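Below, each chain spelled out in residue letters.
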Amino acid sequence: MGTTMSGGEQEPGHYYVGIDVGTGSVRAALVDHGGILLAFAEQPIKKWEPQFNHHEQSSEDIWTACCVVTKKVVQGIDLNQIRGLGFDATCSLVVLDKQFRPLPVNFEGDSHRNIIMWLDHRAISQVQRINETQHDVLQYVGGVMSVEMQAPKLLWLKENLRETCWDKAGHFFDLPDFLSWKATGVTARSLCSLVCKWTYSAEKGWDDSFWKMVGLEDLIGDNYSKIGNLVLPPGASLGSGLTPEAAKELGLPKGIAVAASLIDAHAGGLGVIGADVSGHGLICEGQPVSSRLAVICGTSSCHMGISKDPIFVPGIWGPYFSAMVPGFWLNEGGQSVTGKLIDHIVQSHAAFPELQAKATARCQTIYEYLNSHLDLIKKAQPVGFLTVDLHVWPDFHGNRSPLADLTLKGMVTGLTLSQDLDDLAILYLATVQAIAFGTRFIIEAMEAAGHSLSALFLCGGLSKNHLFVQMHSDITGMPVILSQEVESVLVGAAILGACASGDFTSVQEAMARMSKVGKVVFPRREDKKYYDKKYQVFLRMVEHQKEYSSIMNGN
């Protein structure tokens, strides 16, 4: 592997390790000073679903997986060249006792399963009660707290597992902060997790009145030691670096810098939003970084925009100070199912077995096959015009932004008796377009509140799908910038390690040096009128859904 460097000017042989804990696996990468991935490894992690809406993991299982992948990516490397380590993870809730041992978050009393996962929806009644308080801290989450945030989950534990878990608990960690504690022995928390998911304020700290009002006053004691009282910006160096014990387990040298962490989507945003775009003819080149929207699109999608001053956008989380890029306010929009919705639509269609067989025969993924099939059937017209009378509203799992309405459902209009491959391909296209219209809906809400956006920076699994990318460009009317390095989340984690090492003076400098533009996709301006019409239909569909609902719920 050696020291393959990308540019001539930087010091040779400075490496950083990024570790990313996703929903189903842990991934690690060895990244150089120029942001190039030199090695990558992945290890699956266990998930349990003991009952509907309850999703659990094990912090011991996750840490073991972190050790496996890290040892793999540093194999054959001179360990003295590794300067820093950064973690990102899903915003799942880790529960430990006063001696830092796992506690059960389940009725079975299985303490191995000590994590309530980010996508767990067990705390629906708790979050409703929290939202009914209309407390001031809710302003910073678009006015309505999500069931996926930590306060409702903590309240659920107190109300349901008092003896076995709540009374014994000594530490409640967001998963990214658990990992940095495990590596350094320092219980400091990252501003990212606490501000985005725990109602902490970067200026004012914790709000006692909130915790009292929702019935969690027991967390206030001992200066909030259970949920964190030392809070650092992402990329800050923790304690004396890697402890001897953690160093041995990870296969890294002891004492290397370990950074305050990020949530996984935020690491993706960090990995793309600061790229140097000069030479691509983009209007955002001469504009501040606040003109860029990072869209991290995988199972679900997150829309990250930053601003110098706080902007409150109804239905969109934030403004969160220093939660992604230090010194900037973050607003975070999102769509709760995107990649998962496309899979659902395609896999539940009658022609799916035929699609699978044909894609396999051609050694293509099903989406590569569908994209080429659409090119085949579009004849002389642009591919997007195939959905002139087929329209989808994509909220099959409720709406996160900008409507913040969990009760909304998906809609499809324009169905026929056909169930062949053409029909599947066009329904797939309409679904991809609906997700892009959802992004346009979020952008319009952000701009109405004071953001000024001119370019999309896409990363995550769906950014590898060229149809998905082109539709986002055509439908929003903005250029889409793709990174040279597809694994932007891991680059983001490595950027944190690079900052902690002191090799860069700031997160901004590290972002500009380590994130590189790969490809730019421009909108087809001649199709604008067609997409504007489809967007009018899109907005009308949700109004119709609300009308149907009021008819059915009327007397």
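Residues numbered from 1 in each chain as written. Predicted model: local features only at pLDDT ≥ 70, side-chain atom pairs only at ≥ 80, totals over all residues. Heavy atoms only, no water.

**Regarding the pairing of strand β7 (residues 93-97)**
Selection criterion: Partly exposed residues are those whose accessible area sits between 20% and 50% of the maximum for their type, while under 20% is buried and over 50% is exposed, using a 1.4 Å probe and protein chains only. Segments assigned H or I by DSSP are reported as helices when at least four residues long, segments assigned E as strands when at least two residues long, and all are numbered from the N terminus. Strand pairing requires that DSSP identify at least two bridges connecting the strands.
Taken across its five residues, β7 has five buried, putting it largely inside the fold. Covered by surrounding structure in β7 are L93, V95 and D97 together with V94 and L96, the residues of both alternating faces. By the bridge criterion, two bridges tie β7 to strand β8 (residues 115-116) in an arrangement that is antiparallel. Bridging from a neighbouring strand, V94 pairs with I115 of β8. Sheet topology places β7 next to strand β9 (residues 169-174); five bridges connect them, and they run antiparallel.

**Thoughts on the sheet that holds β7**
Cut-off, in case you're wondering: Contact between two residues is taken to exist if any of their heavy atoms lie within 4.5 Å; hydrogens are not considered. Axis lines are fitted through C-alpha atoms, for helices just across the contact stretch, and the angle between N-to-C directions can take any value from 0 to 180 degrees.
In space, the five strands of this open sheet follow the order β4-β5-β8-β7-β9, with antiparallel pairing throughout. Each having just a single partner strand, β4 (48-51) and β9 make up the two edges of the open sheet. Relative to the sheet, helix α3 (residues 150-160) contacts β5 (54-57), β7, β8 and β9, its axis offset from that of β7 by approximately 40°. Its contacts with the sheet put helix α4 (residues 175-184) on β7, β8 and β9, and the angle it makes with β9 is roughly 110°.

**Some thoughts on the side chain of D61**
Note the threshold: Two N or O atoms count as a polar contact when they lie within 3.5 Å, although within protein this holds only if one can serve as hydrogen donor and the other as acceptor, and sequence-adjacent residues are included solely when both atoms are side-chain atoms.
With respect to the helices and strands, D61 occurs in helix α1 (residues 59-73). At 2.9 Å, the side chain of D61 forms a polar contact with the backbone nitrogen of K46. Beyond its immediate sequence surroundings of up to four residues, D61 is in contact with I45 and K46.

**Notes on the packing of aromatic side chains**
What counts here: Any Phe, Tyr or Trp ring, taking Trp's six-membered ring, that has another such ring centre within 6.5 Å forms a pair; planes under 30 degrees apart are called stacked, those over 60 apart edge-to-face, and the others tilted. Distance and angle both matter: a charge sits over a ring if NZ of Lys or CZ of Arg is within 6 Å of the ring centre and within 35 degrees of the ring normal.
One pass over the full model with this rule turns up 23 aromatic pairs. Between the aromatic rings of Y530 and Y531, the centroid separation amounts to 5.1 Å while the plane-to-plane angle is 70°, which identifies the pairing as edge-to-face. As far as the burial class goes, Y530 and Y531 line up, both buried. Through successive ring pairs, a cluster of aromatic residues spans F385, W393, F437, F441, Y530, Y531, Y535 and F538. Its guanidinium or amino end placed over the ring of W156, R122 lies 4.6 Å from that ring's centre, counting from NZ or CZ. One cation-aromatic arrangement involves K308 over F328; the distance from NZ or CZ to the ring centre is 4.4 Å.

**A look at the pattern of salt bridges**
Two side chains of opposite charge can pair, provided their charged atoms sit close to one another. Counted only if it meets this: A carboxyl oxygen of Asp or Glu within 4 Å of a side-chain nitrogen of Lys or Arg is what we treat as a salt bridge.
As enumerated under the stated definition, the model contains 21 salt bridges in all. One salt bridge connects D97 with R101, and the closest N-O pair in it is separated by 2.9 Å. Several salt bridges share partner residues, and in doing so they unite E56, E108, D110, R113, D120 and R122 into one network.

**Notes on the packing of helix α11 (residues 352-361) against helix α12 (residues 366-377)**
The condition is simple: Should an angle fall under 35 degrees it is taken as roughly parallel, and over 145 as roughly antiparallel, whereas 65 to 115 is taken as roughly perpendicular and any remaining angle as oblique. Each residue gets one of three labels, nonpolar for Ala, Val, Leu, Ile, Met, Phe, Trp, Tyr, Cys and Pro, charged for Asp, Glu, Lys and Arg, and polar for the others, Gly among them.
Where α11 contacts α12, the axes come no closer than 9 Å and their chain directions differ by 95°. Regarding the angle of α11 to α12, the classification is roughly perpendicular. On the side of α11, the interface is formed by F352, L355, Q356, K358 and A359, while α12 contributes I366, Y369 and L370. Taken together, the residues of the contact of α11 with α12 sort by class into six nonpolar, one polar and one charged.

**Structural notes on the UniProt feature "domain: Carbohydrate kinase FGGY C-terminal" (unreviewed entry) in the chain**
What counts, and what does not: UniProt positions are given in the numbering used here, feature names are shortened, and annotations may be inferred rather than shown by experiment.
In the UniProt entry, the feature "domain: Carbohydrate kinase FGGY C-terminal" (unreviewed entry) is given for residues 293-500. Taken as a whole, residues 293-500 contains 40% helix and 19% strand, while its terminal C-alpha atoms sit 26 Å from one another.

**Details of α4**
Every α-helix winds through 3.6 residues per turn, so residues three or four apart in the chain are directed the same way. The buried count for α4 comes to nine of ten residues, which makes it a mostly enclosed element. Every buried residue of α4 is accounted for by L175, P176, D177, F178, L179, S180, W181, A183 and T184. G185 sits one or two positions beyond α4 and adopts a positive phi of about 75°.

**Digging into the environment of N553**
Here N553 is to be found in helix α17 (residues 528-553). Exposure remark for N553: the relative accessible area of 61% places this residue in the exposed category. With 518 residues separating them along the chain, N553 and G35 place their C-alpha atoms 55 Å apart.

**What to know about the sheet that holds strand β20 (residues 455-459)**
Spatially, the seven strands line up as an open sheet ordered β16-β17-β15-β14-β20-β21-β22, and their pairing is mixed. Two strands in the sheet have a free side with no partner beyond their single neighbour: β16 (317-321) and β22 (517-521). Averaged over all neighbouring strand pairs, the angle between strand axes comes to 25°, with direction disregarded. For β16 and strand β17 (residues 329-335), the ladder comprises three bridges, and the chain directions are antiparallel. Each residue of the ladder has a partner; that of W317, found in β17, is E332.

**Thoughts on the pairing of β17**
Most of β17 sits out of view: seven of its seven residues are buried. Burial of β17 is two-sided: the residues W329, N331, G333 and Q335 facing one way and the residues L330, E332 and G334 facing the other way are all buried. Sheet topology places strand β15 (residues 301-307) next to β17; seven bridges connect them, and they run antiparallel. Across the sheet, residue H303 finds its bridge partner in β17, namely G333.

**Let's talk about unusual backbone geometry**
Backbone torsion omega between G318 and P319 reads 5°, so that peptide bond is classified as cis. Residue position: P319 is located in strand β16. In this structure, P402 follows S401 across a cis peptide bond, with omega equal to 0°. Inspection of the secondary structure puts P402 in the loop between β18 (391-393) and β19 (411-413). Located in the positive-phi region is F100, a residue other than glycine, with phi close to 65°.

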